[in-house]
Each structure stands twice: as structure tokens, then as C-alpha cells.
Protein chains: 2
Amino acid sequence: RPSSQPHRRSAVSDAAAPAPAISPCGACKFLRRKCMSGCVFASHFSSDQGAAKFAAVHKVFGASNVSKLLTHVPVNRRNDAVVTICYEAQARLSDPVYGCVSTILALQHQVGSLQRELSMVQTQLMNTRIAIANALQNGRHQHL
Amino acid sequence: RPSSQPHRRSAVSDAAAPAPAISPCGACKFLRRKCMSGCVFASHFSSDQGAAKFAAVHKVFGASNVSKLLTHVPVNRRNDAVVTICYEAQARLSDPVYGCVSTILALQHQVGSLQRELSMVQTQLMNTRIAIANALQNGRHQHL
């Protein structure tokens with residue numbers, strides 16, 4: 001029977017009964033360790049699907065590094081931190097050379113391309129307006 | 001005297017002379033270990049400035065994870081991998097919640113903003129051209 005309270009308890013009463021089936025969080029399940037009370041991963045890696053998600057995080061960052069990082073992040077920001085860490089880990093496994101930096105490079109390319117196109121269309125619009133102004137000016141002169 | 005050849009040798013001959021001053025790469029300097037021949041970090045973390053750069057990588061990813069990752073990347077792609085890993089590590093230390101994902105989010109926002117502006121200017125250009133076409137059409141009718 002574990003000395004500390006797990007983060008999730010089954011609904012079964014534990015008074016004098018055998019220890020309830022403890023479901024460790026996905027991270028602790030992956031790490032094959034007891035999921036202790038206050039486990040920093042527990043709220044973010046579910047028991048059923050969190051292990052696969054944690055595997056990528058563990059492979060890329062290491063459980064200990066992520067645990068340290070999360071404990072230095074305010075509790076209300078940890079979910080965002082976990083989401084971005086999982087994203088980075090998955091991206092690095094998919095593309096070991098560039099990781100999620102490939103997305104940054106692609107977006108920078110897209111921004112450059114859009115800026116050039118915008119500038120071109122703005123120039124066309126300006127030229128068209130100048131042409132109209134000139135045409136109106138000439139029309140007025142013809143009527144004078 | 002080290003049993004293996006360091007990745008960098010001084011120009012001093014080592015025949016029966018005292019071991020040359022070995023300058024470990026920045027990663028091995030940071031890890032306070034001997035820089036062995038074929039060290040996967042040696043080409044990417046210089047002895048003089050690489051240690052500070054490696055500190056961030058070590059803190060975020062861990063030396064062992066990065067070493068494993070690099071050995072699975074073809075030699076001619078490793079420099080790009082190190083550059084992106086260093087970038088991600090620095091970004092995560094600067095912004096523990098979002099890391100370099102903050103750059104992705106900012107770029108996505110910029111792309112959205114540029115797309116909306118482009119669409120607006122394209123509409124203005126189209127409307128201006130339609131107005132010109134209508135004006136020309138009316139002008140012709142007046143001359144008939």
C-alpha cells in the first residue's frame with residue numbers, strides 16, 4: 001500500500017480494504033514508477049493516453065529536465081508549457097534536423113512572400129488611382 | 001596521458017614528449033569530461049565559446065538526448081541540427097512557457113494579418129478597376 005496519496009483515487013473506499021487500484025499518470029506509467037501525490041506531470045498526462053505523449057517528451061527533453069522546468073513555471077501556466085513542450089518534442093522526432101524550427105522557417109518564408117505580394121498590389125492600386133486622377137484632370141481640361 | 005586521440009591536437013609532436021595541452025570541446029568542457037576522438041559535439045561547440053552555448057542545450061535537452069539525436073542525423077546535416085537545437089534551448093530558457101513556439105504563434109498571427117490586409121487591398125484594386133471600366137463604358141455611351 002503506497003504511503004503517499006496518488007493523484008487519482010478510485011471511488012472504492014480504502015478504509016481497511018485492500019489498496020484501491022491506483023492509476024498512475026501517463027508519465028509515471030511510461031517511467032514505470034509510482035505516481036506520487038503532487039506529481040508535476042499528473043494533470044497533463046492522462047493515465048490512458050498520456051504515456052504515448054510523454055514518450056516523445058522523455059526522448060527529446062528527458063523527464064527530469066521537463067519536471068524541473070515545470071516546477072519553475074507558475075501552476076496556471078503549466079498547461080501551456082506542456083502543450084508547447086509536447087509540440088516541440090513531436091516536431092523534433094518527426095524532423096530530427098530542424099524540429100519545429102522548420103515551421104518557423106516556413107512561416108518566415110510565407111511572411112516574406114505575403115509582404116512582397118501586398119507591396120505589389122498596393123503599388124498597382126496606387127498607380128490605378130493616379131491614372132484615374134490624371135484622367136479626371138485631363139477630362140476637366142477638355143471641358144474648360 | 002589520454003589513451004584516445006583528442007579531436008584537436010596541438011602542433012607539438014607527441015612522440016615521447018609530454019602530452020600536448022588538450023583543449024576539450026565546449027560541451028566536454030562544460031561536462032568536465034575528457035573530449036574523446038570522434039566526440040559528436042566537438043565540431044559544433046568550440047573550446048572557447050561553446051561551453052556557454054552548450055549549457056543551455058544541456059539544461060533543456062540533456063547532453064545524452066542530444067548526443068543520441070545527433071548520432072542519428074547524417075554528418076552533413078548535424079550542423080543544422082545543432083543550430084536549431086541551440087535556438088530551441090535558448091528560446092525555452094528565455095520563455096519557459098512557450099519557448100520558440102511563441103515565435104510560431106507570432107508568425108502565424110503576422111501571416112493572418114498580412115492575408116487580411118492583402119485581401120482588403122486586392123478588393124480595393126478590383127473595385128477601382130470595375131469603377132474605371134464602368135466610367136469608360138458610360139463615357140462611350142455619352143459619345144455615341
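Quantities reported herein were computed from a predicted structural model and do not represent experimental measurements.

1. Quick look at the relation of the copies chain B and chain A
Then comes step 1: After a rotation of 180° and a shift along the axis of 0.0 Å, chain B superposes on chain A with an RMSD of 0.1 Å. On the angle and the small slide along the axis, the relation comes out as a two-fold axis. Of the C-alpha atoms belonging to chain B, the one lying closest to the rotation axis is found on B:Phe61, 2.1 Å away.

2. Concerning the interface of chain B and chain A
Then comes step 1: Facing the 39 residues of chain B at the interface are 39 residues of chain A.
Then comes step 2: Of the charged contacts in the structure, one is a salt bridge between B:Glu88 and A:Arg92, with a shortest N-O distance of 2.5 Å.
Then comes step 3: Linking chain B with chain A are ten residue pairs in polar contact (both at pLDDT 80 or more), by the criterion used here.
Then comes step 4: Breaking the side of chain B that touches chain A down by element, the ones donating at least two residues are helix H2 (50-60), helix H3 (63-71), helix H4 (78-94) and helix H5 (101-143) of chain B.

3. Describing the domain arrangement of chain A
When the parts come together, some accessible area is lost, and that loss is often what is quoted as the size of the interface.
Residue and element names in this part refer to chain A.
Then comes step 1: Segmentation of chain A into domains returns domain 1 (18-99) and domain 2 (100-144).
Then comes step 2: Its C-alpha centre places domain 1 at a distance of 49 Å from the equivalent point of domain 2.
Then comes step 3: Of the roughly 410 Å² buried at the junction of domain 1 and domain 2 (both faces included), carbon and sulfur atoms supply 59%.
Then comes step 4: Contact with domain 2 buries surface across domain 1, with Tyr 87, Tyr 98 and Gly 99 losing the most and accounting together for 76% of the total.
Then comes step 5: Along the contact surface separating domain 1 from domain 2 lie zero salt bridges.
Then comes step 6: Counted by class, the side of domain 1 that touches domain 2 contains three nonpolar, one polar and two charged residues.

Cut-offs used in this document
Residues numbered from 1 in each chain as written. Chains lettered and ligands numbered in written order. Predicted model: local features only at pLDDT ≥ 70, side-chain atom pairs only at ≥ 80, totals over all residues. Heavy atoms only, no water. Least-squares fit on C-alpha atoms with pLDDT ≥ 70 in both. Contact = heavy atoms within 4.5 Å. Salt bridge = Lys/Arg side-chain N within 4 Å of Asp/Glu carboxyl O. Polar contact = N/O pair within 3.5 Å; in protein donor to acceptor, adjacent residues only side chain to side chain. Helix = DSSP H or I, 4+ residues; strand = E, 2+ residues; numbered from the N terminus. Domains from an automatic or database assignment. Buried area = accessible area lost by both parts, 1.4 Å probe. Nonpolar A, V, L, I, M, F, W, Y, C, P; charged D, E, K, R; others polar.

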